[in-house]
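So you can see what is in the structure, the chains are spelled out below.
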2 protein chains.
Amino acid sequence: MAQKPSIPKGTRDFSPAEVAKRNYIFSIIKSNFEKFGFQPIETPTFENSETLMGKYGEEGDRLIFKILNSGNYFFNKNKIELPESIEVLQSNSAETISVNELVELNKFTGKISEKALRYDLTVPFARYVVQHQNEIEFPFKRYQIQPVWRADRPQKGRFREFYQCDADVVGSTSLWQEVELVQLYDSVFSALELEGVTIKINNRKILSGIAEVIGASDKLIDFTVALDKLDKIGEDGVKKEMVEKGISEAALEKVQPLFNFTGTIAEKIEKLSALLSSSPEGMKGVEELQFICDNIKVLGLDKSELDLDVTLARGLNYYTGAIFEVSAPKGVAMGSIGGGGRYDDLTGIFGLKNMSGVGISFGLDRIYLVLEELNLFPETVTSTSKALFLNFGQEEALYSMKTISQLRKEGIKVEMYPDNAKIGKQFQHADKRGIPFAVIVGGDEIANNQYALKDLASGEQKKVSLEELKELLK
Amino acid sequence: MAQKPSIPKGTRDFSPAEVAKRNYIFSIIKSNFEKFGFQPIETPTFENSETLMGKYGEEGDRLIFKILNSGNYFFNKNKIELPESIEVLQSNSAETISVNELVELNKFTGKISEKALRYDLTVPFARYVVQHQNEIEFPFKRYQIQPVWRADRPQKGRFREFYQCDADVVGSTSLWQEVELVQLYDSVFSALELEGVTIKINNRKILSGIAEVIGASDKLIDFTVALDKLDKIGEDGVKKEMVEKGISEAALEKVQPLFNFTGTIAEKIEKLSALLSSSPEGMKGVEELQFICDNIKVLGLDKSELDLDVTLARGLNYYTGAIFEVSAPKGVAMGSIGGGGRYDDLTGIFGLKNMSGVGISFGLDRIYLVLEELNLFPETVTSTSKALFLNFGQEEALYSMKTISQLRKEGIKVEMYPDNAKIGKQFQHADKRGIPFAVIVGGDEIANNQYALKDLASGEQKKVSLEELKELLK
């Protein structure tokens, strides 16, 4: 009985049409990364477990895919009794075990697994920078486009294997980099013909400043997590949550302007300056924002818009300066299609201090869905051949193959139907494959050094020379 | 104490220079695959274990990386006693366990692991074809360029993570496909400027025919495995091994021509015809070879040579018709840089019968080493910026950024040093990064709408306009 083929949940096969569209996005992101001076690196699919574990919080650790050590592993008979029968239960089972037992079990899985699949591109990048610090010339502008894996519960639009496209600079605190990253977002989305993208910007120091002003510095995370929900649960909901978390009504009064934070960027910055005047850290954040926004205003953006969004928090304990998030054009129901920010001590976990970094990421899957929804993939995005030469037997096939060799030397994608099948079947093949032209070579054509070229969309057919064929299929 | 960063053995980090060189090879392979009508698919990094296990022999199963099921797994307390302390031994430990114990252990690992990393691209391709058979238009020409993982003992040039680049056609038995695959090899290696590559061809039916003729059909595998060693252990060694395997001296006498098998392809085919005249299967193989070689002779090859190598066996229980192998130019000490062949029942394991396939593979890592050794990477293979704009402070930087934005719109890779650092440090940065030009913008230049462009190799410096700058950096 043959196996019914399937793939693990949360993973995907990509058809030729899908790969072509994905590669279209990748290649635009890549060429823009390089135009902006970023250079590619690649890191291994799996890292040593200790490189990854403990870097993404408890939840993250749980979502990291671990790889069994290779080779045949046996238990030491003196130390472990092999059970009569073995049953493994998931953590949501009714029957759980004690903490001590869990510790033992973790020791055990630690012994059978020492490697884990990449969970994001940031931690491997930090590891790379520290490991290769003597070969790297800083500031180091790197980009990385590779898949990552997370054992998340799969759902619509969320996969266990997906690509990340990251560009980061480490080794300089210059705010020109933030300016360039905003331009880079605009440059990529403009090249994708995606109009009306909003690049939202905020600053961690502004969030800290706000918390300081309201006397709730110790509640910064609660504050920002609640503020981040403004879009979803509204002002009342956010305030209710803040109060529940122990932030006073009086404090909320002070930050009332934040719940109705409209106007131009300049106006917003002015409001923030007033609000944060007593907080040196907050004012530093305002200053940084101002630098970025002022320079972007002078340099201009193409098809995108910059906006200051003071509710923007993202992974707060990660970023230390600018925070970016990109939202799809209005009218497209889609979460953020990119995000990033500055982090002051990325490489510290691996022993290299004082290495400030700033970076952004593009969400490939969501960008794909947005382009699909707005019908923005160019029709030319395909890897399909330009023409199918029909096959009428050995003599005709050899004549065709000679021509095909010449066309391919010019870089033209053409192919021959491999078998001398019924002509209807061959035309149908071209049609189903989406190949736009058929080339018919019979005795007549060979005798006259010609080709019958049929446009399969219009049905129009004409005799052409080799030179004309090259021209028409280019 | 910070962790000392490292990566798992057998894996690699790739620096920007290495990625650029690898991408140069990938992009030539890819564009040639597409010129020949192959279209890309991608399959998940991990497959269900049952898709992979049992497809690569016992040794292969052992080399497949298994992934631990995600989530927290606990033992059922009623069924297993957690040990006081746990020790896990490798199979080469002095202390082993009984077969029964091993069976239990395998049941156990089966419960904690249901997924495994892709071991090659062929089995996932077969799974893809069967799973998507209703969406696929046959014959299906697909290519796939993705990494695979094998828990092999790492050694020089052998890694645990490496790329395969495969092109296969399934759904037709036409020998034109073999002809095109030979051309495809030639087309790729010629585009890489690699002269003198030998594309060796053989046919499984010829090997079967030979075994039949010598009356040792049941010893086909022994015969071909020994014959395959002709280069390494010489005629005497091969014959000794064959005799040890029970092939008679009389039989070896009959195939004596095979141990000194020289001349043109036509001469070799003639010798084979004589040798195999009594074997219908052997003669079918000769006929297939003849078709391929005759047509290649008419169509011609660019920089490569075709040769008939009757010792060529490769994974014998896999191929059923043509067998290909590519060897690097003479003088380069390197194993095969590509291989492939026809397999008549690839998808049978997944329940789809009568689906003949033929394909070839390119060995990226070895091709890389060959190009490196022969110094064949073009100097232009780099992702480095064309020019570094030096940074002399806010006014100059903003002026530079305006120019940089315009250059990038033209697709020119340029960047600005992010900080207003000492000029020597900035020049050094360009130098170490391999950036060929520096652009110097001071008060003078701004006043005159000019740029000082310095060629960092020659030291030559001149003042240019924006238009000239665009022209020179293109």
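Source: prediction; values computed, not measured.

## Some thoughts on the nonpolar core
Line of reasoning, step 1. Residues Phe389 of chain A together with Ile25, Phe33, Phe189, Leu272 and Phe362 of chain B are the most contacted members of the largest nonpolar core, which totals 125 residues.
Line of reasoning, step 2. Ranked by residues supplied to this core, first place goes to helix α6 (residues 176–191) of chain B with eight residues.
Line of reasoning, step 3. Apart from the residues lying within four places of it in its own chain, the contact partners of Phe189 of chain B are Leu194, Val197, Ser304, Val326, Ile337, Phe362 and Ile367 of chain B.
Line of reasoning, step 4. Val197, Ala216, Leu272 and Leu364 of chain A belong to the second-largest nonpolar core, a separate cluster that totals 124 residues.

## What about the sheet that holds strand β10 (residues 305–308) of chain B?
Residue and element names in this part refer to chain B.
Line of reasoning, step 1. The sheet built from eight strands is open, its strands ordered β1-β7-β8-β13-β12-β11-β9-β10 with mixed pairing. Sheet topology places β1 (39–40) and β10 at the edges, where each strand pairs with a single neighbour.
Line of reasoning, step 2. Where strand β11 (residues 322–327) and strand β12 (residues 336–343) come together, five bridges link them in antiparallel fashion. The residue of β12 that forms the bridge with Phe324 is Gly340.

## Considerations on the domain arrangement of chain A
Line of reasoning, step 1. Each assigned domain of chain A is listed here: domain 1 (16–51 + 117–374) and domain 2 (387–473).
Line of reasoning, step 2. Taking the mean C-alpha position of each, domain 1 of chain A and domain 2 of chain A sit 51 Å from one another.

## With respect to the packing of aromatic side chains
All names here are of chain A.
Line of reasoning, step 1. Applying the stated criterion across every chain, the model contains 30 aromatic pairs over all chains.
Line of reasoning, step 2. Summarising the aromatic geometry, the rings of Tyr128 and Phe140 are spaced 6.3 Å apart at their centres and angled 10 degrees between planes, so their arrangement reads as stacked. In this pair, Tyr128 sits in helix α5 (residues 122–131) while Phe140 sits in strand β7 (residues 140–149), placing the two residues 12 residues apart along the sequence. Phe140 matches Tyr128 in its accessibility class, with the two residues each being buried.

## Examining the side chain of Asn295 of chain A
Line of reasoning, step 1. Structurally, Asn295 of chain A is set in helix α12 (residues 280–299).
Line of reasoning, step 2. Not counting chain neighbours up to four residues away, the residues in contact with Asn295 of chain A comprise Trp176 and Val179 of chain A together with Gln394 and Leu398 of chain B.

## Describing the pairing of strand β17 (residues 451–455) of chain A
All names here are of chain A.
Line of reasoning, step 1. Bridge count for strand β16 (residues 437–440) against β17 is four bridges, and the pairing is antiparallel. In the strand pairing of β17, Phe437 is matched with Asp455.
Line of reasoning, step 2. Sheet topology places β17 next to strand β18 (residues 461–464); four bridges connect them, and they run antiparallel. Paired with Ala452 across the two strands is Lys463, which belongs to β18.

## Quick look at helix α14 (residues 394–409) of chain B
For an α-helix, 3.6 residues make a turn, and residues three or four places apart therefore share a direction.
Residue and element names in this part refer to chain B.
Line of reasoning, step 1. Given a rise of 1.5 Å per residue, 16 residues ought to cover 22 Å, and the 22 Å separating the end C-alpha atoms of α14 matches this to within 8%.
Line of reasoning, step 2. Those residues of α14 not exposed but buried are Glu396, Ala397, Leu398, Tyr399, Ser400, Met401, Thr403, Ile404, Ser405, Leu407 and Arg408.
Line of reasoning, step 3. Following α14 by one or two positions, Gly411 has its phi on the positive side, about 85 degrees.

## Observations regarding the packing of helix α7 (residues 204–213) of chain A against helix α8 (residues 220–227) of chain A
Residue and element names in this part refer to chain A.
Line of reasoning, step 1. Direction vectors running N to C along α7 and α8 enclose 110 degrees, while the axes themselves pass 10 Å from each other. With respect to their mutual orientation, α7 and α8 come out roughly perpendicular. Relative to α8, the crossing made by α7 is right-handed. Taken together, the residues of α8 that come into contact with α7 (itself represented by Arg204, Leu207, Ser208, Ile210 and Ala211) are Leu220, Phe223, Thr224 and Leu227.
Line of reasoning, step 2. Here the contact of α7 with α8 is built from residues that sort into six nonpolar, two polar and one charged.

## With respect to the environment of Glu244 of chain A
Line of reasoning, step 1. Inspection of the secondary structure puts Glu244 of chain A in helix α9 (residues 230–244).
Line of reasoning, step 2. When the C-alpha positions of Glu244 of chain A and Glu42 of chain A are compared, they lie 46 Å apart, and in sequence the two are 202 residues distant.

## A short note on the sheet that holds β7 of chain A
Strand pairing in a sheet takes place through backbone hydrogen bonds and is either antiparallel or parallel in direction.
All names here are of chain A.
Line of reasoning, step 1. Taken together, the eight strands give an open sheet; going across it, the order is β1-β7-β8-β13-β12-β11-β9-β10, and neighbouring strands pair in mixed fashion. Every other strand in the sheet has two partners, leaving β1 (39–40) and β10 (305–308) as the edge strands with one partner each.
Line of reasoning, step 2. Strand direction decides the pairing type here: β7 and strand β8 (residues 161–170), joined by 10 bridges, are antiparallel. The residue of β8 that forms the bridge with Gln146 is Gln164.
Line of reasoning, step 3. α12 contacts β9 (198–203), β10 and β11 (322–327) of the sheet and is inclined by roughly 155 degrees relative to β9.

## So, the UniProt feature "binding site: L-histidine" (unreviewed entry) in chain A
Residue and element names in this part refer to chain A.
Line of reasoning, step 1. Here the UniProt feature "binding site: L-histidine" (unreviewed entry) sits at Asp120, Leu121, Thr122, Arg150, Gln164, Asp168, Arg314, Tyr318 and Tyr319.
Line of reasoning, step 2. Inspection of the secondary structure assignment puts Asp120 in the loop between β6 (113–117) and α5.
Line of reasoning, step 3. Residue classification places Asp120 among the buried residues on the basis of a relative accessible area of 8%.
Line of reasoning, step 4. Among all residues touching Asp120, those that are not within four sequence positions of it are Tyr56, Val148, Arg150 and Gln164.
Line of reasoning, step 5. In this structure the side chain of Asp120 is engaged in a polar contact, spanning 3.2 Å, whose partner is the backbone nitrogen of Thr122.
Line of reasoning, step 6. Sequence-distant contacts of Thr122, defined by excluding residues within four places in its chain, comprise Asp166, Tyr318 and Leu346.

About the thresholds
Residues numbered from 1 in each chain as written. Chains lettered and ligands numbered in written order. Predicted model: local features only at pLDDT ≥ 70, side-chain atom pairs only at ≥ 80, totals over all residues. Heavy atoms only, no water. Core = buried A, V, L, I, M, F, W, Y, C linked by side-chain atoms within 4.5 Å. Buried < 20%, exposed > 50% of the residue type's maximum accessible area, 1.4 Å probe, protein only. Helix = DSSP H or I, 4+ residues; strand = E, 2+ residues; numbered from the N terminus. Contact = heavy atoms within 4.5 Å. Pairing = 2+ DSSP bridges. Domains from an automatic or database assignment. Phe/Tyr/Trp six-rings, centres within 6.5 Å; stacked < 30°, edge-to-face > 60°. Expected span 1.5 Å × (residues − 1). Axes fitted to C-alpha atoms, helices over the stretch in contact; angles between N-to-C directions. Parallel < 35°, antiparallel > 145°, perpendicular 65-115°, else oblique. Left-handed = near helix turned anticlockwise from the far one by under 90°. Nonpolar A, V, L, I, M, F, W, Y, C, P; charged D, E, K, R; others polar. UniProt positions renumbered as here; feature names shortened; annotations may be inferred. Polar contact = N/O pair within 3.5 Å; in protein donor to acceptor, adjacent residues only side chain to side chain.

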